[in-house]
Structures are given as structure tokens and as C-alpha cells.
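# Structural features, examined
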Amino acid sequence: MAKEVPLDQLRGRYLGRVLIKKGILTRNVLHECIKLQKSEMAGQKLGQILISQGHITEQQLNVALAAQRGMEYTEIEGMELSDEVASTIPQQMATSYRIVPVDFSKSDNLLTIAIDDPNNFRATDELKSLMGYNVKAVVTSKNSLDQVLDRYYSKDKGNINEIIGEIEKDSFLTSMEGRDESIDLDEISELAESSSVKKLLNLVLIQAINDKASDIHFEPFEESYRMRYRIDGVLYEMVPPPKHIAVALSSRVKVMADLDISERRLPQDGRISLTLNNRQVDMRVSILPTVFGESVVLRVLDRSQIELTMSELGLGPREVDLMEQVIGRPNGIIIVTGPTGSGKTTTLYAGLKELNSIERKVITTEDPVEYDVEGLHQVQIRTDIGLTFPACLRSILRQDPDVIMVGEIRDFQTAQISAEAALTGHLVLTTVHTNDAPSAVARLLDLGLEKFLVTATVEAIVAQRLVRRVCQNCKREYEPAEEELMELGLTPSDVKGKKFYRGRGCDVCNNTGYKGRLGIFEIMAFNDEIRDLIMNDASTAVLRNAARKGGMRLLRESGLRAIYDGLTTIEEVVKETIADEE
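Note that this is a predicted model, so its numbers are computed, not measured.

### A short note on the overall build of the protein
In terms of helices and strands, the protein carries 24 helices and 18 strands. With the C-alpha coordinates aligned to their principal axes, the bounding extent of the protein is approximately 90 × 70 × 60 Å. Counting over 582 residues, the protein shows a buried share of 50%. Nonlocal contacts in the protein, meaning residues at least 24 apart in sequence, comprise 64% of its contacts between residues at least 6 apart. In the structure as shown, the protein presents an accessible area of about 27,500 Å², 47% of it carried by carbon and sulfur atoms. Taken together, the 70 basic and 89 acidic charged side chains of the protein have centroids lying 5 Å from each other.

Set out below in C-alpha cells:
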């Protein structure tokens, strides 16, 4: 039987010391296991060695680990939760964070939760920021937590319809109907702290993040309020809540993003950081006043995207080799081009990942800085105080960088300074907005950059698009109709022996037939012929033909390769590359 020892005497102690103080282990046994850990069981955690040798049980280890963190251990299996306590946390939040509320004190807003991992301290932080509770955590066993989660938080409990039902019965929320302009600050503050509104917002956020949505939209209209999220570039509508919670939802988002809840006439921008399933998720918040209320859009910044390598982006082996050669050069400009949402930032970060080493100083100037990356010096553009791309670039050049990333070349000054940086021995990665790679040359010249600067500094231009991946779970081979092939400019004889796939739709892909996206690319590496053509005022069409002769694969051709590899569909490639063929 373990001894009762005050937690303040155990907090922060070594695991072995905690076990000895609680009378679970002797010093001799501990020293024997430490020796094992240093010899034949090297690499294993001490707690697991003690269990494998039969000296302690899993529960005793959990008790000791909890004590190390200054937390109590409680067995919750068979515990009866009142409706009031169980309703403090919505189902998706309980299952995603693996937490169970065991007590709630209204007087001091203190929620006691049970967790099965003493290191899950982020659960308490998220509950404070998402739900506004004061939180105390106790530790329980995994089996106990699973049992209570199954009993009180099964998937049919706490769905959006149930929470919307709560909102419709809330007399304070329903009293806001038709009062958008006459709600005072005290009422707005009370709306932002509404339990039903917190539950709904948290449920929407968790569901959207789990479904890998890139954007979440809250949109007020004259007669309705719409919630939508964008997955793989396509917007999907969620169950619409009552219109009268528009102010409450926007106010709750403002509280979470640390924005001014009293300001409803001007646009506001902010940021929310959450941890879900041990994964850091940042959300960029944009609030825009419209005729019928505030439109709120949350851009989900998935950090896993900036960990992608060149090959994971969708580049073929030949293009990966070419990109590695280009970014391995000591100086010059590499341009990534494409419309908004085509994955340009992800490609730039994949390149920076290759370049981010102790031997190089890398500085980025971005508008806005979306991802914080260890090892990079990142500068946020602030046009309101005069911190523009040109002003920032001039200062960056005095910081002795090796690699510079310029978020976007928008004007002559930015283009000029970028070219000068490349000429003085820096590698510059940047973006412009054009439809294809050869058109980027015309764009630079239109901005006023001299032809000799373009030819002397630009090393490669990469155009890209994003297409949806065929869901691998419900992927099926099929025979495309002749009309489909005609949209790609192909005939049945052109595709003889080729296989085509599409998704039938399943639970994994929300019955869309698609899951995830990949890039298709057009890489125009500069050579002597292209440089001569630019100096002689060659048209975009002439440059395109010369680049194709040099081995450039057009966006449409890159898309065809992805179709033949069974990665995407004819429909997706036609949709994303049709403009290039007109």
C-alpha cells in the first residue's frame, strides 16, 4: 500500500525518488533498474523497465507520474456524472483532448477534469482559452477514461444539432434577435461568455480541424446565418445556426483572438493558437463588417504543411532534381507563380527547409507571417507604419543574409532591390501573380525591371496549381467518355493502355471522392537561349516554346502525368489548367 505523502514534497522530484517516498520501491531495486537502463535496456524509460521487471504496476506508475506534476490520481471508472457537469464540455472536445469533467463549481467557475496523461497540460490551457473556465486536473487510468468517455461522450452525443437546440432555448440569446445595432458593451461581453456559444464554436473548430479544413467561414445574411468550411479548395456548408447568434459568435472569436469586442464598424485581424491531439494549430482571424453583420473567416495554418519535402509537394523525380539544383545555387532569383491559394507559400517553405542550416542565415519578409519556423528570421510587413517590402528589404541586406524570401514582388522597388540582392551574392525566393511561368517574365518587365537585370538574376520560374487527390479508400478504375478526353485535347487512341481513376465517395472523404491535394508544376529553368530571347523582346509564346524545347513540362502535361499515375482526375486537371490552353 502506497504511503500518503503531501504533493508539494513530490512535485518536480525524479520518478525513482517519488516511488521510494511513497513506499512503492526500495533504493536497491531502483539502482538495479537504473543499471539495466544503462546496459541491456538502454533507450527504454525507467517506468517501463520497472513494470517489465515486475516491481511496480501500471497504476502505480501513473500515481507517481501524477505526483511528479503535483497532481492527484483518481480512479473515475463507474463515476456518475451529473448532466450539469457532463454538459460543461462538448463531445468532440472531450474525445479530441481525452478529458472528462468530474466536478464543476459555478461560484468560482472551477472545472475539475480527469486526464490519462500527466503531460497533457495543454488540455487545461485550451479549456481556459476556449471555454473560459478555471481548470484543475487530476490523473486517472487510460481504461477508466475510455470507459467514462464511452458512457457519456459517445459520438451521438453533443452534435451540432443538439447544441443549436440549446441555443434556441436560451432566452438571453433569443432576446438579441433584431437588435444588432442596439446591443451595449456589457451585453456583448455576456454574449461572448455564453456557454452554448462557446460549445458551438469549439465544436465547429474541432470538426473543421479534424476534417483538415483550410478556412472556416461565419457569414451573416439578411434572413440567415451560414457556417461553411473549405476542404481541398471546396466550400461545404454546416448545419446553419439561428441568425441571432451572429454577434455572440463574432464576439467569442474576438475574445479568443484578443481583439476589441466593442469595435464592430472596422475590419480587425488577429490570431488564435490551439493544440489539438498534440498538434499545434494556428488560426489567422479576419473580421469584416458587412451590411448584415460581421463576416468572420478563420484561416487554419497547418504546421505540417511547412514540413513537406519537394517530392511530397507532387513534384516528379526529374523536377525534384531540377529544383534541388536551382535552390542549391549561391545567388539568383527563384520565382514561384500562380493564383491565390495555389500553394506558393508551401513550395517556398519546402525550399527554405532545404536551405535552413547552421551554415546559412535565412531572412524572410512576409505579409503576413503565417508560420513560425525555427532557424528563420521572419519579418512581418506593416504598411500602416511604413514597413513595406522595399523598406524591409533594404534593412535585410544590412543583416548579412545568405538567403532572402520576399513574400511577393508587387512593385518596381521590390523587384529592383530583389535583383540587386541577387547580383550581390544572395539567393532570393519570391512570388508573383501570373498564370504560367513564361508570363512571369512579362510581369517583371511591366513592373519596370530592365531586361538585363531579369536575364542576369532570374534562375528559374515555377508555376503551380493545386488539384484534389483521388481518395485512396474508394478509388476505382473507370473508362472515361470521349467528351471527357476531348476536354483535355485527347482522343481514345492517345490514351490507349492508360488507366483512369476516380473516387466513388465514402466516409473517409465525406462522399466527395477526393482526399487531400497535390501540386502540379511547370518549371522554367533559365538557359542561354531563353536569356537571349528576353534581351530580344521575344513574346511569351516564343519563350514558352523555347522552355519546352529545354525540357519544361507544361501545367497541363504535369496534370496528365498525375492522372495517369492515378493521383487525380480529368475533371480536376481541366478545371485548374484550362486557362493555360486558351
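### Details of the sheet that holds strand 12 (residues 376–380)
Taking strand neighbours across the sheet as the criterion, the 7 strands line up as 12-11-13-14-10-15-18 in an open arrangement whose pairing is mixed. At either margin of the open sheet sits one strand with a lone partner, and together these are strand 12 and strand 18 (514–525). Mean inter-strand twist for the sheet, computed between neighbouring axes without regard to direction, equals 20 degrees. In terms of strand pairing, strand 10 (residues 332–337) meets strand 15 (residues 458–470) through 5 bridges, oriented parallel.

### A look at the UniProt feature "domain: Bacterial type II secretion system protein E" (unreviewed entry) in the protein
The sites that carry the UniProt feature "domain: Bacterial type II secretion system protein E" (unreviewed entry) are, in the present numbering, residues 397–411. Along residues 397–411 one finds 0% helix and 27% strand; the C-alpha atoms at either end are 18 Å apart.

### Details of the pairing of strand 14 (residues 427–432)
In terms of burial, strand 14 is largely enclosed, as 6 of its 6 residues are buried. Here strand 14 shows two buried faces, one formed by L427, L429 and T431 and the other by V428, T430 and V432. Taken together, the 6 bridges between strand 10 and strand 14 define a ladder with parallel strand orientation. In the strand pairing of strand 14, I334 is matched with L429. With 4 bridges joining them, strand 13 (residues 403–406) and strand 14 adopt parallel strand pairing. Within the sheet, the bridge partner assigned to M405 lies in strand 14 and is L429. As a crossover connection, the stretch from strand 13 through helix 17 (residues 412–423) into strand 14 is right-handed.

Rules behind the numbers
- Residues numbered from 1 in each chain as written.
- Predicted model: local features only at pLDDT ≥ 70, side-chain atom pairs only at ≥ 80, totals over all residues.
- Heavy atoms only, no water.
- Helix = DSSP H or I, 4+ residues; strand = E, 2+ residues; numbered from the N terminus.
- Buried < 20%, exposed > 50% of the residue type's maximum accessible area, 1.4 Å probe, protein only.
- Contact = heavy atoms within 4.5 Å.
- Areas by Shrake-Rupley, 256 points an atom, 1.4 Å probe, with all protein chains shown as cover.
- Lys, Arg positive; Asp, Glu negative; His and termini not counted.
- Charge placed at Lys NZ, Arg CZ, Asp CG, Glu CD.
- Pairing = 2+ DSSP bridges.
- Axes fitted to C-alpha atoms, helices over the stretch in contact; angles between N-to-C directions.
- UniProt positions renumbered as here; feature names shortened; annotations may be inferred.
- Right-handed = clockwise from strand over helix to strand, strands pointing away.

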